[in-house]
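Fold and contact review
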Amino acid sequence: DAKTTQPPSMDCAEGRAANLPCNHSTISGNEYVYWYRQIHSQGPQYIIHGLKNNETNEMASLIITEDRKSSTLILPHATLRDTAVYYCRRLRNAGGTSYGKLTFGQGTILTVHP
Amino acid sequence: GAVVSQHPSRVICKSGTSVKIECRSLDFQATTMFWYRQFPKKSLMLMATSNEGSKATYEQGVEKDKFLINHASLTLSTLTVTSAHPEDSSFYICSARRYQETQYFGPGTRLLVL
């Protein structure tokens, strides 16, 4: 299992930015960082991924440190619907795209409160 | 992101019967599909990986004769739980990807065996 470490839980006020950290200190040069989330009783939802540059899409931003040993997922304006379990995973890159089997640890339970 | 569907969303069956769950990739060709199982308050557990036209590869501890997987086309995979028992009651989630691109998940199927 490709190791990542996340805090078990975090709280965030609605409308504020949620910053979710992930440690992947042993990441290899050919591994991407992927973020998914799972809202209660639903299948996981892809959020974003990156290799070494910061990435942004309509859902979130991903900040990867220069040494690639850690990253932060940022939800810029959290809403109640962002309450979910967030998973940070490493996947081996092959030919410029992701590769490998996605497995899940415990993730971070993010609770957004009014 | 890409869309993956599952059918049915929930099913109740009697002990000893077989149940088939369908997984479809709606807007892309899924060269690889995955099946996961999730028990209450636990993380997702990968059961098996299947490539289109090939036999599935099962994770350690997953009985291949009990969980039959068919991936006969680039848009459809099925999981059949044979001779289901109450301990097979769980949330079953499929996932799909095209070659080595991002993996997308279905909404899940909740199985209850009485």
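Here the residue index of a chain counts from 1 through its sequence in written order. For this description, chains carry letters from A and ligands carry numbers from 1, given in the order in which they are written. Where totals are concerned, whole chains, interfaces and linings use all residues; where local detail is concerned, this predicted model gives features only for residues with pLDDT of at least 70, and gives and counts side-chain atom pairs only at 80 or more. Only heavy atoms go into the side-chain values, all of them from the structure, while hydrogens and water stay out.

All names here are of chain B. Here Lys66 shows up in the loop between β6 (57-58) and β7 (67-73). With a 1.4 Å probe rolled over the protein chains alone, any residue whose accessible area is under 20% of its type maximum counts as buried; one over 50% counts as exposed, and the rest are partly exposed. You can call Lys66 buried: its relative accessible area is 13%. Should any heavy atoms of two residues lie within 4.5 Å, those residues are counted as being in contact. The contacts of Lys66, once residues within four sequence positions are left out, are Thr80, Val81, Thr82, Ser83, Ala84, His85 and Asp88. To qualify as a helix, a DSSP run of H or I must reach at least 4 residues; to qualify as a strand, a run of E must reach at least 2; elements of each kind are numbered from the N terminus.

Attention now moves to the state of the cysteines. Any pair of cysteine sulfurs within 2.5 Å is marked as a disulfide. Following the criterion strictly, the structure yields two disulfides over all chains and no others. Note on cysteine connectivity: A:Cys22 is disulfide-linked to A:Cys88, with sulfurs 2.0 Å apart. On the S-S bond that ties A:Cys22 to A:Cys88, the torsion sits near -80°, and the link is left-handed. Here A:Cys88 lies in strand β8 (residues 84-94) and A:Cys22 lies in strand β2 (residues 18-23), a separation of 66 residues in the sequence. Note that B:Cys23 is cross-linked by a disulfide to B:Cys94, the S-S spacing being 2.0 Å. With the S-S dihedral at roughly 75°, the linkage between B:Cys23 and B:Cys94 falls on the right-handed side. Of this pair, B:Cys23 sits in strand β3 (residues 19-25) while B:Cys94 is found in strand β9 (residues 90-97), placing the two residues 71 residues apart along the sequence. Accessibility classification places B:Cys23 together with B:Cys94 in one group, the buried group. In this structure A:Cys12 is not part of a disulfide, and its nearest cysteine sulfur, from A:Cys22, lies 18 Å away. The buried category is assigned to A:Cys12, whose relative accessible area is 6%.

A few words on the pairing of strand β5 (residues 45-51) of chain B. Residues in a regular strand point their side chains to alternate faces of the sheet. Residues and elements named next belong to chain B. With respect to burial, β5 is a largely interior element, five of its seven residues being buried. The pairing criterion for strands is at least two bridges between them, as found by DSSP. Direction of pairing for strand β4 (residues 32-38) relative to β5: antiparallel, over a ladder of six bridges. Within β5, the position partnered with Arg37 by the bridge is Met45. Between β4 and β5, which pair antiparallel in sequence order, lie six residues; one of them, Lys41, sits at a positive phi of approximately 65°. Hairpin connection from β5 to β6: five residues lie between these consecutive antiparallel strands, with Gly53 at a positive phi of about 85°.

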